[in-house]
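Reading the structure
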Amino acid sequence: VYQVFETVAKKYDVMNDSMTLGIHRVWKDILMHKMNPCPGTLLLDVAGGTGDIAFRFINYVRSVRQRQLQRKLKHHQNLSWQEIFESYQKDKFNSLGDSQVVVCDINREMLRVGKQKAQHLGYSEGLSWVLGNAEELPFDDDKFDVYTIAFGIRNVTRIDLALQEAYRVLKPGGRFLCLEFSHVSNPLLSRLYDLYSFQVIPVLGEVIAGDWRSYQYLVESIRQFPPQEELKAMIEDAGFFKVDYENLNFGIVAIHSGFKL
Amino acid sequence: RCQHCPPLRALQASAALRRASDEHKKEPLTSSSQQHFDSRPAGHQPEQEPQGPHPSYTGQGGQESEDYESEEQLQHRILTAALEFVPEHGWTAEAIAEGAKTLGLSVAAAGMFHSDGSELILHFVSECNTKLSKLLEKEQKLVQLGKAEKKPIDEFLRDAVEARLRMLIPYIEKWPQALSVLLLPRNIPSSLHLLTSMIDDIWHYAGDQSTDFNWYTRRAVLTGIYNTTELVMMQDSSPGFEDTWRFLENRVADAMTMSSAASQVQSTGEAVVQGLMGAAVTVSN
């Protein structure tokens, strides 16, 4: 798994766009809307390598924070100009409202690409990059508000360990969110999807990234991955409550959600 | 697996508080819970496996004590805690997040609910209806014990509606927002159910025992009075909402005179209908 991602790291984003015809952005946006984080949330993004989820989180929290500040200013209608200026000053240094995201990945290359992207796109505050294994996270218990793993859990050898670690590092009331390829139940769509996966994707892999085998591995690992209900049962086994999943695009991708209660 | 012990103990800790609020579960009006929760039998403290996807290997042992709190109860507690933050944040997921924080939970727990705050509003309405029922029951007991006079119908209705509307006063600024959310197609079944059961309750305590068509007209009339008074209250800026109460008084008085004139209207109505039928027959010929 490590080597697959080492070779793939630089072209990861480009491949994602071409494989999913850009829809992966929509999927990640939907994940963020489902999370609906408020300022002050501490997010752990595991296997988040190039930082897609992390950047979306920062954007989302920033806009929520903006709205909050606007509402507060509206309430301050009767204050003097001096007071308004002071309160604005205080809040200016808190555009994220103390929200933070920690991006954790097992692969140094992916993290490097992510850091470069962050610099390039201008994300400076609220981000941390940590090297770590999802089956054995280098964090204390009860730390994070939300744990996400987007398109990463199928690469974990022992999914149950990863789920247990997720449970451990989440605060009580914390949320587990998993975005992953899943099973299509519609038979017609399933055939089209298979056709596309096995014929088109490895070819794209060769053409764009010069790597047929990694993408062959990718497609096969998607087929091997447990279906929605099974993953839901595994998440419940790890101790999460209110476990539910939402199919996107008829099951090509599914978002599983659980709470540590 | 000891990983489960800390959160379960946290849930167990306030069992005593929850037993006190147990009687509120006896109310059939707990329709703030979603469809996929089984309705719990009244007054039943969970001694066997509580509903919810509990992992099988915690079946035996300490977690099975009767203090175990279900997800539904926890959600109730979060929503109740969230009400305190509504005047500041409105009926939103933010208020729910703040409520969860006061209970020692992560703000992400607000993700259990819809992002538009529907559950919070429905929970609030349900709680208000419960309070109203208890109030009316207490008054009825006083009358039965002879400690109070039985009120005439119009005064009874007026007082009941006023008592219920007064519960909105702390949240009055954000209530229009709540009303619009209650009218969303998704929420209409629940909000309608809550409204009709409240109206039912009021008529029940008013001593209505009709089993004929009057049942419907009475409920329709009172629903109309309640809704219009609520809307008037939204934009009433008089001290102590006296304009609203005066409006209420007038509407209830109207309803009283209307019922006595109802039979007159009915016969007039029949006459009108016959006239129209005759006209239609004439025209078709």
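Residues numbered from 1 in each chain as written. Chains lettered and ligands numbered in written order. Predicted model: local features only at pLDDT ≥ 70, side-chain atom pairs only at ≥ 80, totals over all residues. Heavy atoms only, no water.

On to the overall build of chain B. If you tally the helices and strands in chain B, you get 11 helices and 0 strands. Reading chain B from its N terminus to its C terminus gives the helix and strand order α-α-α-α-α-α-α-α-α-α-α. Counting the 285 residues in chain B, one finds 43% classified as buried. In chain B, once contacts between residues fewer than 6 apart in sequence are set aside, the share between residues at least 24 apart is 68%. (Helix = DSSP H or I, 4+ residues; strand = E, 2+ residues; numbered from the N terminus. Buried < 20%, exposed > 50% of the residue type's maximum accessible area, 1.4 Å probe, protein only. Contact = heavy atoms within 4.5 Å.)

Take the overall build of chain A next. Along its length, chain A carries 10 helices and 7 strands. Radius of gyration (C-alpha) of chain A: 20 Å, near the 18 Å computed for a compact globule of 261 residues. Overall, the C-alpha framework of chain A stretches about 65 × 40 × 35 Å when taken along its three principal axes. With 261 residues in all, chain A has 53% of them scored as buried. Within the structure as shown, chain A displays about 12,600 Å² of accessible surface, and the carbon and sulfur contribution to it stands at 53%. Here chain A contributes 30 positively and 32 negatively charged side chains, and the mean placements of these two sets differ by 6 Å. (Rg over C-alpha atoms; globule rule 2.2 N^0.38 Å. Areas by Shrake-Rupley, 256 points an atom, 1.4 Å probe, with all protein chains shown as cover. Lys, Arg positive; Asp, Glu negative; His and termini not counted. Charge placed at Lys NZ, Arg CZ, Asp CG, Glu CD.)

To continue, consider the packing of helix H7 (residues 153–166) of chain B against helix H9 (residues 188–206) of chain B. Residues and elements named next belong to chain B. It is at 10 Å that the axes of H7 and H9 come closest, and there the two elements cross at 145°. As for the relative orientation of H7 and H9, their crossing is right-handed in sense. Residue-level contacts link Ile153, Phe156, Leu157, Ala160 and Arg164 of H7 to Met198, Ile202, Trp203, Tyr205 and Ala206 of H9. Residues belonging to the contact of H7 with H9 are distributed by class as follows: 9 nonpolar, no polar and 1 charged. (Axes fitted to C-alpha atoms, helices over the stretch in contact; angles between N-to-C directions. Left-handed = near helix turned anticlockwise from the far one by under 90°. Nonpolar A, V, L, I, M, F, W, Y, C, P; charged D, E, K, R; others polar.)

Let us look at helix H8 (residues 175–182) of chain B. Turning to H8(B), its buried residues are B:Trp175, B:Ala178, B:Leu179, B:Val181 and B:Leu182. One side of H8(B) carries all its buried residues, which in axial view fall inside an arc of 165°. (Arc of directions from axis to C-beta.)

Pairing between side chains of opposite charge can happen when the charged atoms of each approach one another. For the coordinates displayed, the defined rule picks out 22 salt bridges over all chains. Two residues, A:Arg71 and B:Glu94, come together in a salt bridge whose shortest N-O distance is 3.0 Å. With A:Arg71 in helix H4 (residues 52–75) and B:Glu94 in helix H5 (residues 93–102), the pair connects residues from two separate chains. The exposure class of B:Glu94 is buried, given its relative accessible area of 16%. Two residues, A:Arg154 and A:Glu180, come together in a salt bridge whose shortest N-O distance is 2.6 Å. Of this pair, A:Arg154 sits in the loop between strand E4 (144–150) and helix H7 (159–169) while A:Glu180 sits in strand E5 (residues 170–181); the two residues are 26 residues apart in sequence, bridging distant segments of the chain. (Salt bridge = Lys/Arg side-chain N within 4 Å of Asp/Glu carboxyl O.)

Residues and elements named next belong to chain A. Within the secondary structure, Glu165 is located in helix H7. Note on Glu165: relative accessible area 13%, which makes it buried. With 70 residues separating them along the chain, Glu165 and Ser95 place their C-alpha atoms 31 Å apart. Setting aside its immediate chain neighbours within four residues, Glu165 contacts Ala134, Glu135, Glu136 and Leu137.

Judged by nonpolar contacts, the single largest core of 62 residues is most densely connected at B:Ile78, B:Trp91, B:Leu120 and B:Trp175. Residue assignment for this core shows that the elements contributing at least two residues are helix H3 (71–83), H5, helix H6 (118–144), H7, H8, H9, helix H10 (214–234) and helix H11 (242–284) of chain B. Of the residues that make up this core, three or more belong to each of domain 1 (71–115) and domain 2 (121–274) of chain B. Those residues in contact with B:Trp175, other than ones at most four positions away along the chain, are B:Trp91, B:Ile121, B:Phe124, B:Val125, B:Leu168, B:Glu230 and B:Met234. Listed in part, the 35 residues of the second largest apolar core include A:Tyr60, A:Phe151, A:Val184 and A:Ile252. (Core = buried A, V, L, I, M, F, W, Y, C linked by side-chain atoms within 4.5 Å. Domains from an automatic or database assignment.)

So, on to the UniProt feature "domain: COQ9 C-terminal" (unreviewed entry) in chain B. Under the UniProt annotation, "domain: COQ9 C-terminal" (unreviewed entry) lies at residues 188–258 of chain B. Structurally, residues 188–258 of chain B comprises 80% helix and 0% strand, and the distance from its first C-alpha atom to its last is 29 Å. (UniProt positions renumbered as here; feature names shortened; annotations may be inferred.)

Summed over the entire model, instances satisfying the criterion amount to 14 aromatic pairs over all chains. With centroids separated by 5.6 Å and ring planes inclined at 65°, the aromatic side chains of B:Phe124 and B:Trp175 adopt a geometry described as edge-to-face. Of this pair, B:Phe124 sits in helix H6 while B:Trp175 sits in helix H8, and the two are 51 residues apart along the sequence. On the basis of relative accessibility, which here comes to 4%, the residue B:Phe124 falls in the buried class. Residue class for B:Trp175 comes out buried when judged on its relative accessible area of 2%. With a centroid separation of 5.2 Å and an interplanar angle of 80°, the aromatic rings of B:Trp215 and B:Tyr216 are classed as edge-to-face. A connected cluster of aromatic rings, assembled from ring pairs, spans A:Tyr147, A:Tyr167, A:Phe176 and A:Phe240. Cation over ring: B:Arg218 sits above B:Trp203, and NZ or CZ is 5.6 Å from the ring centre. (Phe/Tyr/Trp six-rings, centres within 6.5 Å; stacked < 30°, edge-to-face > 60°. Lys NZ or Arg CZ within 6 Å of the ring centre and 35° of its normal.)

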